[in-house]
Structure formats: C-alpha cells, structure tokens
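Below are the chains, spelled out letter by letter.
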Amino acid sequence: MTTDTATATYKNKVTAAFNGAAATYDRLDVEFFTPMGGRLVELADPRPGERLLDVGCGLGATLLPAARLIGDRGRALGIDIAEAMIEEAGKEAARQGIANVDLRVMDGEHPDLPARSFDLVLGSYSVIFLPDARAALARYADLLADGGRIAFTSPVFTRDTFPFLPPLFTELIPMSLLEHLPEAWHPEQLQKQLHSWLEDPADLTAALEKAGFTDVEITDEPVIQTAPSGDAWVTWSHTQGMRLLWQHLPEDEAAALRERIVTALDALRTDGGRVRFEVPARTHTAGGARSPPPPPPR
Ligand SMILES: C[S@@+](CC[C@H](N)C(=O)[O-])C[C@H]1O[C@@H](n2cnc3c(N)ncnc32)[C@H](O)[C@@H]1O
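Structure report, in brief. Not measured: the values here are computed from a predicted model. (Residues numbered from 1 in each chain as written. Predicted model: local features only at pLDDT ≥ 70, side-chain atom pairs only at ≥ 80, totals over all residues. Heavy atoms only, no water.)

Let's shift gears to the pattern of salt bridges. Taken as a whole and assessed by the stated rule, the structure comprises 17 salt bridges. Taking the shortest distance from any N to any O, the salt bridge between D107 and K11 comes out at 2.7 Å. With D107 in the loop between β3 (101-105) and β4 (118-124) and K11 in helix α1 (residues 3-21), the pair connects residues that are 96 residues apart, well separated along the chain. By relative accessible area, D107 is classed as partly exposed at 22%. (Salt bridge = Lys/Arg side-chain N within 4 Å of Asp/Glu carboxyl O. Helix = DSSP H or I, 4+ residues; strand = E, 2+ residues; numbered from the N terminus. Buried < 20%, exposed > 50% of the residue type's maximum accessible area, 1.4 Å probe, protein only.)

Given below as structure tokens:
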C-alpha cells in the first residue's frame, strides 16, 4: 500500500468512527472532553473580536466556550472531518444560542482556508489524529495573522502505555490488541509520526518552532475523568477514539476486555459513587506566528 493510500484508508476509518459516534459523543455522563476543552480555552485566552479556528471541533467542547469569549465582533470557525460531528455541533450551537460560529466539513490536516485569516488556532484531542501533525502545524502558522497563537491538547504519551489511554489501562489492554487499531497508531508509526514528539517536550517544542511558532509553553495537567460506573465508561469508550479498537476486536476478545475494564473501574468507586481517575493531559500553547516573507523585488 502506498503512503497516500494508507493515509486515505486511515482517515476513512477515523471519519466513519466519529460519524458513527456523533449522536452520543460526549453525552453519556462521562466527564472528560468538556472539562478538557474548557481548560484549553482558559489557557488559550481568546479575546473579544478575535477570529478563531477549531480543528477537529467535534461537538464544540472548545469551540463554543471560545466563541462566547470572542463575542459578537469575533468569528469562530469549527472544522471536522466527520460530517455528523459538524451537524451535531450546529445543533449544539443553536441550543446554546451561540450565533458567531461557522461549521464546515474539512480535513484539518490540509485546511483549505485563506492565509493570515485567524488570530487563534485551537484543537482539543484532535491534532493527535492527523497522520502528519507536524506538517499541519506549519499550515496553521500560515493561517495566522501576525501575533497569532495556537493552543492544542494531547494525551501524554509514553512508550509503554497503550496509545491514547491513561496508564491505568496498560495492564488491562494487552499491547497485542494494537493490531486491531489503524496502522498509524502502531508503536513504530507513532514513534515516527506522533509519539516521539508528543512524548518528549523538547521534540514538541522543536516541531512547533520549525513550524514557525515561538514562545512555546507546555502545560501538563491531569483531567479528572468521572463516570457513573465501569459499564458506563465502556459504553462511552465506544463513542470516542477507542471505538476504532472496539470495532475491530473479535467478539470474544471484546467481551473479555469489557469485563476486565468494568471490574477494574468499578473497584475505583467509593461508596457506590462515581468512578474517578486522573488522565494525564498536555496543553501546548505558542505564539508569534511567523511574518510572511517580504514581497519579491519589482
Ligand atoms: C476526540 S474528538 C475531539 C473533539 C473535540 N475537539 C472535543 O474536544 O470534544 C476528535 C475529533 O477530531 C476529528 N478529526 C479526526 N481527524 C480529523 C481530521 N483529519 N480533520 C479534521 N477533524 C478530524 C474527529 O472527527 C473528532 O471529531
């Protein structure tokens, strides 16, 4: 398979997974994406009148609180590769009475948008889905007007944890199950494309600087994830990136995995209350998008 074909296959899988998840995404009483998106907005600090782009906006966990802050004079654009996510985000914006938002189905790795037309680019748990995120960062720098900023979140990867999940799950999900995930997330690929630069803050800073950003800041802060029960968590996990694993697991392995996770998570409940655990998360902010090259001499 050529690299282009592999990338297209991977993106089709991601798109189908999130199209299938959109109706219940972030709506199953498991707290994670909404608090994480809210924290990203606090760190990004959108200001009244700014023009912002949210890459992989999902249902708007980041887009909508940011749109409120930029106010009527500002303009927010949310893009997502999954059409159903964009549809649901439109409904959510209307439900919340937020009118300064546009939504478009678009591949965030290659945004088809005018240069220098944004003040802030955001992405919560979305940039990590891009097969070549480092190349995309340079495109985001081009989309920013002078003084523009970027802010995005990622999981904190380490080589020995199952990709995208907190360390708690490493013992529950054998690494052998990785074969059911898209190839782009296999350790050797992750190491090449995502893993190493997201794992190592120095690599990450270098990637952002190479893309044209300055003043890179990396903030590691866990998100407290809560769920009504282990069973509710597993049901919720079918509505996010882990859906890609569940979809491809043979039935017997899926049932065994479900049982292991439910038992382990229910053991974290105190007094029959909610399951509660920390998910390591990392926010990257940078500013100083590069100025354009000087015009050619006449
Ligand atoms: C884990 S969700 C995060 C959504 C939202 N930012 C939030 O915090 O709830 C990842 C999102 O990225 C989108 N996505 C994945 N690959 C993408 C791509 N190449 N271009 C645009 N969106 C993409 C998915 O469709 C999904 O909505």
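A separate point is the sheet that holds strand β5 (residues 144-155). In spatial order, the strands read β3-β2-β1-β4-β5-β9-β6; together these seven strands make up an open sheet with mixed pairing. Two strands bound the open sheet, and with one partner strand each, they are β3 and β6 (214-220). Within the sheet, the average angular offset between the axes of one strand and its neighbour, ignoring direction, is 15°. Here β6 pairs with strand β9 (residues 281-287) via five bridges, running antiparallel. What sits directly across from T214, in β9, is G287. Packed on one face of the sheet, helix α3 (residues 63-70) meets β1 (51-55), β2 (75-80), β3 and β4 and runs near 165° to β2. (Pairing = 2+ DSSP bridges. Axes fitted to C-alpha atoms, helices over the stretch in contact; angles between N-to-C directions. Contact = heavy atoms within 4.5 Å.)

Side chains of strand β8 (residues 275-279) alternate between two faces, with V275, F277 and V279 buried and R276 and E278 left unburied. Here strand β7 (residues 223-227) pairs with β8 via five bridges, running antiparallel. Along β8, the bridge assignment pairs Q225 with F277.

Next up on the list: helix α2 (residues 33-44). With 12 residues, α2 extends 16 Å between its outermost C-alpha atoms, agreeing within 8% with the 16 Å of an ideal straight helix rising 1.5 Å per residue. Regarding α2, the residues found buried are F33, M36, G37, L40, V41 and A44. Projected onto a plane normal to the axis of α2, the buried residues spread over an arc of 140° and lie on a single side. For α2, the elements touching its buried residues are α3, β4, β5, β7, α8 (230-237) and β9. Phi turns positive one or two residues past the end of α2, at D45, with a value near 55°. (Expected span 1.5 Å × (residues − 1). Arc of directions from axis to C-beta.)

In this section: the nonpolar core. If you look at the biggest cluster of nonpolar residues, it comprises 73 residues, and the most contacted ones within it are I173, W233 and I261. Ranked by the residues each element gives to this core, the list is headed by helix α5 (residues 133-143), at six residues. What W233 contacts, discounting residues up to four positions off in sequence, is V30, L165, F169, Q225, A227, M242, I261, L265 and F277. Ranked by size, the runner-up nonpolar core spans 18 residues in total, among them L52, I86, V101 and L120. (Core = buried A, V, L, I, M, F, W, Y, C linked by side-chain atoms within 4.5 Å.)

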